[in-house]
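Structural features, examined
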Amino acid sequence: MKKIFYVIIASVFFIQCGKPKEKTSENSTPPDNSAKNLNVSILIDLSDRIDPEKNPNPTMEYFQRDTEYIKSIEKGFLDHIKSKKVIQLNDQMQVFFNPEPLDPKMNELTKELKVSFDKNTTKENISLVEKKYSQLPLAIYQSAIKDKKYVGSDIWEFFKNKVNDYCIKDNHRNILYILTDGYMYHKDSRFSEGKKTSYLTPELIKSLNLNSSGFKSAIKDKNLGFVKANENLEDLEVIVLGINPVKGNPFEADVIKEYWENWFKEMKIKKYQIKSADLPSNLEPVILKAMMP
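Residues numbered from 1 in each chain as written. Predicted model: local features only at pLDDT ≥ 70, side-chain atom pairs only at ≥ 80, totals over all residues. Heavy atoms only, no water.

1. Points about the packing of aromatic side chains
- Summed over all chains, the structure comprises 16 aromatic pairs.
- Relative to Phe264, the ring of Trp260 lies with its centre 5.7 Å away and its plane at 65 degrees, an arrangement referred to as edge-to-face. Taken together, the positions of Trp260 and Phe264, both in helix 9 (residues 252–266) and 4 residues apart, correspond to about one turn of that helix. Here Trp260 matches Phe264 in class, with each residue buried.
- An aromatic cluster is built from Phe159, Phe226, Tyr259, Trp260, Trp263, Phe264 and Tyr272, whose rings are joined through pairwise contacts. (Phe/Tyr/Trp six-rings, centres within 6.5 Å; stacked < 30°, edge-to-face > 60°. Helix = DSSP H or I, 4+ residues; strand = E, 2+ residues; numbered from the N terminus. Buried < 20%, exposed > 50% of the residue type's maximum accessible area, 1.4 Å probe, protein only.)

2. Brief notes about the nonpolar core
- In terms of nonpolar packing, the biggest core is built from 41 residues, with Ile44, Leu46, Phe77, Phe117 and Tyr177 touching the most fellow members.
- Beyond its immediate stretch of four places on either side in the chain, Ile44 contacts Arg49, Ile70, Val95, Phe96, Phe97, Tyr141 and Leu179. (Core = buried A, V, L, I, M, F, W, Y, C linked by side-chain atoms within 4.5 Å. Contact = heavy atoms within 4.5 Å.)

3. A short note on the packing of helix 2 (residues 62–82) against helix 4 (residues 123–147)
- Orientation of helix 2 relative to helix 4, taken along the N-to-C sense of each, is 160 degrees, at an axis distance of 10 Å. Taken together, the axes of helix 2 and helix 4 are roughly antiparallel relative to one another. Crossing geometry of helix 2 relative to helix 4 is assigned as right-handed. Along the contact surface, helix 2 presents Phe63, Asp66, Thr67, Ile70, Lys71, Glu74, Leu78, Ile81 and Lys82, while helix 4 presents Ile126, Val129, Glu130, Tyr133, Ser134, Pro137, Leu138, Tyr141 and Ile145.
- Taken together, the residues that form the contact of helix 2 with helix 4 break down as 11 nonpolar, 2 polar and 5 charged. (Axes fitted to C-alpha atoms, helices over the stretch in contact; angles between N-to-C directions. Parallel < 35°, antiparallel > 145°, perpendicular 65-115°, else oblique. Left-handed = near helix turned anticlockwise from the far one by under 90°. Nonpolar A, V, L, I, M, F, W, Y, C, P; charged D, E, K, R; others polar.)

4. Concerning the environment of Ile178
- Positionally, Ile178 belongs in strand 4 (residues 173–179).
- Take Ile178: its relative accessible area is 0%, and that puts it in the buried class.
- Linking Ile178 and Leu241, residues 63 residues apart in sequence, is a C-alpha distance of 6.1 Å.
- Apart from residues lying up to four places away in sequence, Ile178 is in contact with Leu43, Ile155, Phe159, Val238, Ile239, Val240, Leu241 and Trp260.

5. A few points about helix 4
- The end-to-end C-alpha distance of helix 4, which contains 25 residues, comes to 37 Å, matching closely the 36 Å that a straight helix rising 1.5 Å per residue would cover.
- In the structure, helix 4 departs most strongly from a straight axis at Tyr133, where the bend amounts to approximately 30 degrees and where the proline Pro137 lies between one and four residues downstream.
- Structurally, helix 4 contributes buried residues whose contacts are with strand 1 (38–44), helix 2, strand 2 (91–97), helix 3 (104–112), strand 3 (115–117) and strand 4. (Expected span 1.5 Å × (residues − 1). Bend = angle between axes of the 7 residues up to and from the residue.)

6. Some thoughts on the pairing of strand 4
- Most of strand 4 sits out of view: 7 of its 7 residues are buried.
- Along strand 4, one buried face is formed by Arg173, Ile175, Tyr177 and Leu179 and the opposite face, lined by Asn174, Leu176 and Ile178, is buried too.
- The pairing of strand 4 with strand 8 (residues 236–243) spans 6 bridges and is parallel. Within strand 8, the position partnered with Tyr177 by the bridge is Ile239. (Pairing = 2+ DSSP bridges.)

7. Considerations on the sheet that holds strand 6 (residues 196–197)
- The sheet built from 3 strands is open, its strands ordered 5-6-7 with mixed pairing. Unpaired on one side and paired on the other, strand 5 (192–193) and strand 7 (225–226) mark the two borders of the sheet.
- Two strands pair when backbone bridges link them, and strand 6 and strand 7 are joined in this way by 2 bridges, in the parallel orientation. Residue Lys196 lies in a different strand from strand 7, and its bridge partner there is Gly225.

8. Some details on the sheet that holds strand 8
- Taken in spatial order, the 6 strands line up as 3-2-1-4-8-9 in an open sheet, and their pairing is mixed. Both outer strands of the open sheet, strand 3 and strand 9 (271–276), are each paired with one neighbouring strand and no more. The mean angle between the axes of side-by-side strands here comes to 15 degrees, regardless of whether they run parallel or antiparallel.
- The sheet contact formed by strand 1 and strand 4 spans 7 bridges and is parallel. For Asn39, the partnering residue across the bridge sits in strand 4 and is Asn174.
- Across the face of the sheet, helix 10 (residues 280–290) comes into contact with strand 4, strand 8 and strand 9 while running at roughly 170 degrees to strand 9.

9. Digging into the pairing of strand 1
- Most of strand 1 is tucked away, with 7 of its 7 residues classed as buried.
- Every second residue of strand 1 is oriented toward a common face, with Leu38, Val40, Ile42 and Ile44 on one face and Asn39, Ser41 and Leu43 on the other, all of them buried.
- The pairing of strand 1 with strand 2 spans 6 bridges and is parallel. Each residue of the ladder has a partner; that of Val40, found in strand 2, is Met93.
- In the classification by handedness, the crossover that spans strand 1, the intervening helix 2 and the parallel strand 2 is right-handed. (Right-handed = clockwise from strand over helix to strand, strands pointing away.)

10. Remarks on the confidence of the model for the protein
- Mean pLDDT for the protein: 89, with 88% of residues reaching 70 or above.
- Across residues 1–32 the pLDDT falls below 50, and counting only partners more than four positions away or on other chains, this stretch makes 0 contacts in the model. (pLDDT = per-residue confidence, 0-100.)

This is the structure in structure tokens:
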């Protein structure tokens, strides 16, 4: 019996050793690395929403909240950079306004805030970005508030004519953060098609009687909303931060969010978030999570 047992074990051993190794197909599709490369854009609404005299907030002024949001975005971006090997770096981050301020100094500051990382990046480059993003955004807001030449928020035109060129890059995860109170208006892009508009103001919401719990049905039945500005933006993720409705209408924030959400869906944006103005410490987890794989 012992001899038979040893023969069986030996046979199994030789069969296993003799099995040919599985071959890996040379034509197999390489893994998609686009999610490892970040292309982060920040669009700032420099309308009078940031004016501490017109729109004061004793807890924390709105321009200060914005600058802290930007620091959180920078933190998430650099955390991503630090998690990669230097040879894998192919990432960038930039700040935009629309329209651009006439002050040349403001435009120079935005150039400084456009940063990119590649295999030649050094630790000094990373430290420099941290320094820039801790100082320059605040300088931009302070300059705008001091001059009081608020340029409005032509976000509609930005999506129509610029978002494809500025915010979408092949083989990257394209994330656009928009810092705005949710209202959209600029004198050069104010028009309507049917009952859809390129703008949204407190006065418009009031005139449309969107001040009750039936606002969703009213928007749908009357075909209200933003005019579609673009299409096929599947490669763009959008996070809107700072929705800040005027007081008096308990459904104002919901109406604003409904307008934005329907607009994104119409432009085929699949991933988006729309967040109300809140303390930076509360929104930082949202900001950071958006950049996680």
